[in-house]
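Secondary and tertiary structure notes
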Amino acid sequence: MSVLIVGSIALDTVKTPVEEHADQLGGSASYAAVGASFFAPVKLVGVVGDDFPESEFEFWKTRNIDAAGVQRVQGRTFRWSGEYAWDMNTRETRSVALNVFENFEPQLPESFRDTQMVLLANIAPSLQAHVLNQMRQPRFVVADTMDLWIQTTRKDLDALLPRVDLLILNDSEAREMTGDTSLIRAGRAIRRMGPKYVAVKKGEHGALLFGPDDFFSCGAYPLEDIHDPTGAGDTFAGGLAGYLAGQGADEVDFALLRRAVIFGSVLASFNVEAFSLNRLRNLTSDEIDERYEMFRLMSQFEVLP
Ligand code: AMP
């Protein structure tokens, strides 16, 4: 089963306390697509300008990412720039230039419309809905969002939620969306807004997963060296949705989602080890499986003699 992914494709300029790199490949869909591609073929939907490097299209081909849904139009690619504080966690957005995103209307190729697994990576909820409107009958829809849409387009986001099976957001966004300081109450409250499942990311502290009858909490993989946290959330979402698609899940259940959350966390942990998507470019399936196994061992609290 393949996974359709729509989101931003960007050229990012990122500054950390030790390094700065300009115009590197970024964007929610870029991270999510490469993350997902380790588990399932990807159908990518997005827009780039005429300044976007052709080599990325070549790279997508090598990763079984079908870019037939990526429009190349005249103008500059979406640009985003951010700066991290010394804790590599606190981030300030320095600039955003929508550029070709400003007039973007996602158009799904006919061959994309029957895809069963969909990931609406982070973009405006109206664009996420526009993509969903063109799909025939997806079996499972995952959506990611961000504080900007909670603050500026809440109505669009609220209208999307009943059409989403799993909503992914981070802890501060969950609190902002519900006005509740308790993440447990917030996760449950967001489920009542529509999605059957809700995943709350807690950065270096792991993730929570809420279902109709179940709850799951996991830690994050403990890393010594973080070079660029950008795209961790997007890679998490991509790894998770890709894993679900790769399992050919007719019926996504909570046990499968628990494993998907761990695979998402594993992918995110690799992504932050290098700038942009550079760590994902040479990542292998064996490395993913090895880290998944480490996660399993680390999470056991009753060790048999
Ligand atoms: P994350 O670190 O998971 O929050 O994602 C960072 C990525 O999101 C960067 O690569 C940016 O290009 C992209 N991004 C930033 N702002 C937006 C936005 N308003 N819409 C879509 N993508 C964005």
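For the structure itself, look to the data block above.
Residues numbered from 1 in each chain as written. Predicted model: local features only at pLDDT ≥ 70, side-chain atom pairs only at ≥ 80, totals over all residues. Heavy atoms only, no water.

**Considering the site of the ligand**
Note the following rule: Nearness is judged by heavy atoms alone; a residue qualifies as near a molecule or strand once a single heavy atom is within 4 Å of it. N or O atoms closer than or at 3.5 Å make up a polar contact, with two conditions inside protein: a donor-capable atom paired with an acceptor-capable one, and, for residues adjacent in sequence, both atoms drawn from side chains. Computed with the Shrake-Rupley method and a 1.4 Å probe, the accessible areas treat only the protein chains shown as cover for residues. Runs of H or I in DSSP of at least four residues are treated as helices and runs of E of at least two as strands, each being numbered from the N terminus. Classification used: nonpolar for Ala, Val, Leu, Ile, Met, Phe, Trp, Tyr, Cys and Pro, charged for Asp, Glu, Lys and Arg, polar for all others including Gly.
As a structural note, the neighbourhood of the ligand is formed by 17 residues, with S8, D12, G27, G231 and D234 the closest of them. Between the ligand and G27, the relevant distance is 2.7 Å, taken from an oxygen atom to a main-chain nitrogen or oxygen of the residue. In the environment of the ligand, an oxygen atom lies 2.8 Å from a nitrogen or oxygen atom belonging to the backbone of G231. Considering the ligand on its own, with 510 Å² of exposed area, one finds that the protein chains cover 87% of that surface. Where the shell around the ligand is concerned, the elements lending two or more residues are strand 2 (10–15), strand 6 (78–84), helix 4 (147–152) and helix 8 (232–246). Of the residues that constitute the shell around the ligand, the class distribution is seven nonpolar, seven polar and three charged.

**Observations concerning the pattern of salt bridges**
Our working definition: For salt bridges, the criterion is a side-chain nitrogen of Lys or Arg within 4 Å of an Asp or Glu carboxyl oxygen. The buried label goes to any residue with under 20% of its type's maximum accessible area, the exposed label to any with over 50%, and the partly exposed label to all in between, with areas taken from a 1.4 Å probe on protein chains only.
Counted according to the given criterion, the structure contains 18 salt bridges. Close ionic contact of E83 with K15 constitutes a salt bridge, the shortest N to O distance being 3.8 Å. With E83 in strand 6 and K15 in strand 2, this residue pair connects regions lying 68 residues apart in the sequence. Owing to a relative accessible area of 32%, E83 belongs among the partly exposed residues under this scheme. According to the relative accessible area criterion, K15 is partly exposed, its value standing at 26%. Note that D114 and R136 form a salt bridge whose closest N and O atoms lie 3.2 Å from each other.

**Focus on the environment of E83**
Just so we agree on the cut-off: A contact between two residues is defined here by any heavy atoms of the two lying within 4.5 Å.
Spatially, the C-alpha atom of E83 lies 9.9 Å from that of S95, the residues being 12 residues apart in sequence. The contact partners of E83, leaving out residues within four places of it in the chain, are K15, T90, R91, E92 and R94. A distance of 3.4 Å separates the side chain of E83 from the side chain of R94, its partner in a polar contact.

**Quick notes on the packing of helix 8 against helix 9 (residues 254–271)**
Applicable threshold: Between the N-to-C directions of two axes lies an angle of 0 to 180 degrees, each axis being a line fitted to C-alpha atoms and, for a helix, fitted only over the stretch in contact. When describing relative orientation, an angle under 35 degrees is termed roughly parallel and one over 145 degrees roughly antiparallel, while 65 to 115 degrees is termed roughly perpendicular and anything else oblique. Helix crossings are classified by the rotation of the near helix relative to the far one: an anticlockwise turn of less than a right angle makes the crossing left-handed, while a clockwise turn makes it right-handed.
Two elements in contact, helix 8 and helix 9, have axes separated by 7 Å at closest approach and are oriented at 140 degrees. The orientation of helix 8 relative to helix 9 falls into the category oblique. Along this stretch, helix 8 crosses helix 9, giving a crossing that reads as right-handed. For the pair formed by helix 8 and helix 9, the contact residues are A232, T235, F236, G239, L240, Y243 and L244 on the first element and L256, L257, R259, A260, V261, F263, G264, S265, L267, A268 and N271 on the second. Residues that form the contact of helix 8 with helix 9 fall into these classes: 12 nonpolar, five polar and one charged.

**As for the nonpolar core**
Soluble, globular proteins show a tendency: their nonpolar side chains are buried together. In plain terms, the rule: Nonpolar cores were defined as sets of buried Ala, Val, Leu, Ile, Met, Phe, Trp, Tyr and Cys residues, with membership established by side-chain atoms within 4.5 Å.
Residues I5, W60 and L166 are the most contacted members of the largest nonpolar core, which totals 63 residues. Per-element tally for this core: the top contributor is helix 9, with 11 residues. When sequence neighbours within four positions are dropped, the list of residues in contact with I5 reads A29, A32, A33, A36, V42, K43, L44, V45, L119 and A121. Core analysis: the second largest hydrophobic core is formed by 44 residues, L132, V164, L167 and F210 among them.

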